[in-house]
Amino acid sequence: MTIKHLPFVALLAFLVISPSLYAQRLKSMEFRNQPITDILMALAAATGTSIIPDETVSGNASFYFSESDFEEALSLFLSTYRLHYVREGGVFRVSRIAIDFDKGANLVSLSAEDTDVESLLRALSKAISQTILYDQLPKVSVSVAIDRLPPEKAIDIITRRLAEFTLDQNDSFYYVKR
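Residues numbered from 1 in each chain as written. Predicted model: local features only at pLDDT ≥ 70, side-chain atom pairs only at ≥ 80, totals over all residues. Heavy atoms only, no water.

Draft legend 1. Spotlight on the environment of Asp135. Tracing the backbone through its elements, the reader meets Asp135 in the loop between strand 10 (131–134) and strand 11 (141–149). Beyond its immediate sequence surroundings of up to four residues, Asp135 is in contact with Phe165, Tyr175, Val176, Lys177 and Arg178. (Helix = DSSP H or I, 4+ residues; strand = E, 2+ residues; numbered from the N terminus. Contact = heavy atoms within 4.5 Å.)

Draft legend 2. Broad picture of the sheet that holds strand 9 (residues 107–116). Here we have 3 strands laid out as an open sheet, ordered 8-9-11, and antiparallel in their pairing. At either margin of the open sheet sits one strand with a lone partner, and together these are strand 8 (97–102) and strand 11. Across the sheet, the axes of successive neighbouring strands diverge by a mean angle of 10°, strand direction being ignored. When strand 8 meets strand 9, the two strands line up antiparallel, connected through 6 bridges. (Pairing = 2+ DSSP bridges. Axes fitted to C-alpha atoms, helices over the stretch in contact; angles between N-to-C directions.)

Draft legend 3. Representation of the packing of aromatic side chains. In total, this model carries 7 aromatic pairs according to the counting rule given. Seen in terms of ring centroids, Tyr85 and Phe92 are 5.5 Å apart; in terms of plane orientation they differ by 50°. Their pairing is tilted. Exposure remark for Phe92: the relative accessible area of 3% places this residue in the buried category. Counting every residue linked through ring pairs, the aromatic cluster contains Phe31, Phe63, Phe65, Phe77 and Tyr81. (Phe/Tyr/Trp six-rings, centres within 6.5 Å; stacked < 30°, edge-to-face > 60°. Buried < 20%, exposed > 50% of the residue type's maximum accessible area, 1.4 Å probe, protein only.)

Draft legend 4. The arrangement of the sheet that holds strand 7 (residues 91–95) in detail. With respect to topology, 3 strands assemble into an open sheet ordered 3-7-6, the strand pairing being mixed. The open sheet is flanked by strand 3 (50–53) and strand 6 (84–88), the only strands paired with a single partner. Each adjacent strand pair in this sheet contributes to an overall mean axis angle of 25°, direction not counted. In terms of strand pairing, strand 3 meets strand 7 through 4 bridges, oriented parallel. When the bridges of strand 7 are listed, Pro53 appears paired with Val94. Here helix 2 (residues 36–47) sits on the sheet and contacts strand 3 and strand 7; the angle it forms with strand 3, its principal contact strand, is near 165°. Against the sheet, helix 3 (residues 70–80) contacts strand 3, strand 6 and strand 7, and its axis sits at roughly 150° relative to strand 6.

Draft legend 5. Region of the structure containing the environment of Ile52. Checked against the element boundaries, Ile52 lands in strand 3. Distance in space between the C-alpha atoms of Ile52 and Thr37 is 8.9 Å, their sequence separation being 15 residues. Excluding residues within four positions of it along the chain, Ile52 makes contact with Val91, Phe92, Arg93 and Val94.

Draft legend 6. Just the pattern of salt bridges, in detail. Under the definition given, this model contains 11 salt bridges. With a shortest N-O distance of 3.5 Å, Arg82 and Glu113 are connected by a salt bridge. Placement of Arg82 in the loop between helix 3 and strand 6 and of Glu113 in strand 9 is noted, with a sequence separation of 31 residues between them. Note that Lys177 and Asp168 form a salt bridge whose closest N and O atoms lie 3.1 Å from each other. (Salt bridge = Lys/Arg side-chain N within 4 Å of Asp/Glu carboxyl O.)

Draft legend 7. Inspection of the packing of helix 2 against helix 3 at higher detail. Two numbers describe how helix 2 lies on helix 3: the axes approach to 12 Å, and their chain directions differ by 175°. Taken together, helix 2 and helix 3 sit at an angle that is classed as roughly antiparallel. Along its contact with helix 2, which presents Ile36, Ile39, Leu40, Leu43 and Thr47, the element helix 3 presents Phe70, Leu74, Phe77 and Leu78. Class assignment of the residues belonging to the contact of helix 2 with helix 3 gives a composition of 8 nonpolar, 1 polar and no charged. (Parallel < 35°, antiparallel > 145°, perpendicular 65-115°, else oblique. Nonpolar A, V, L, I, M, F, W, Y, C, P; charged D, E, K, R; others polar.)

This is the structure we're talking about:
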């Protein structure tokens, strides 16, 4: 590379690196009693960001977004409505359920408010990569704050209000049966 190409290379490096140095800014927006999924889609369109809500995201919200950093504004909005997000590269996945699984220790942490039992069991099954079978469950919503417990204890906590159900455990699956 010659000296005359150095300014071009420096400019190219600046253009590639500079977008990642500055947080994405969000212009002010106001929503009144709008579906949360619509608000998330408006944020995605305004910022060019991918936001994917799961099936647990529902209800209406009112919120004023002041001009600010996108991720900070999203975090504040979601926490106000008891929602969580996980960032996977440039994609934000939004859910009523926050879940983490430590595979080495076989311990799960799970947080959710007013979420139906079936959604919690599906999220837990996905996180631990193990099948959780269940008979038809009643439409019961629970709030849980599970911190580093084995999956079977987490399932027991989630289903505790369902007195007519028991948990069978096998090496390869769990079964919540009536």
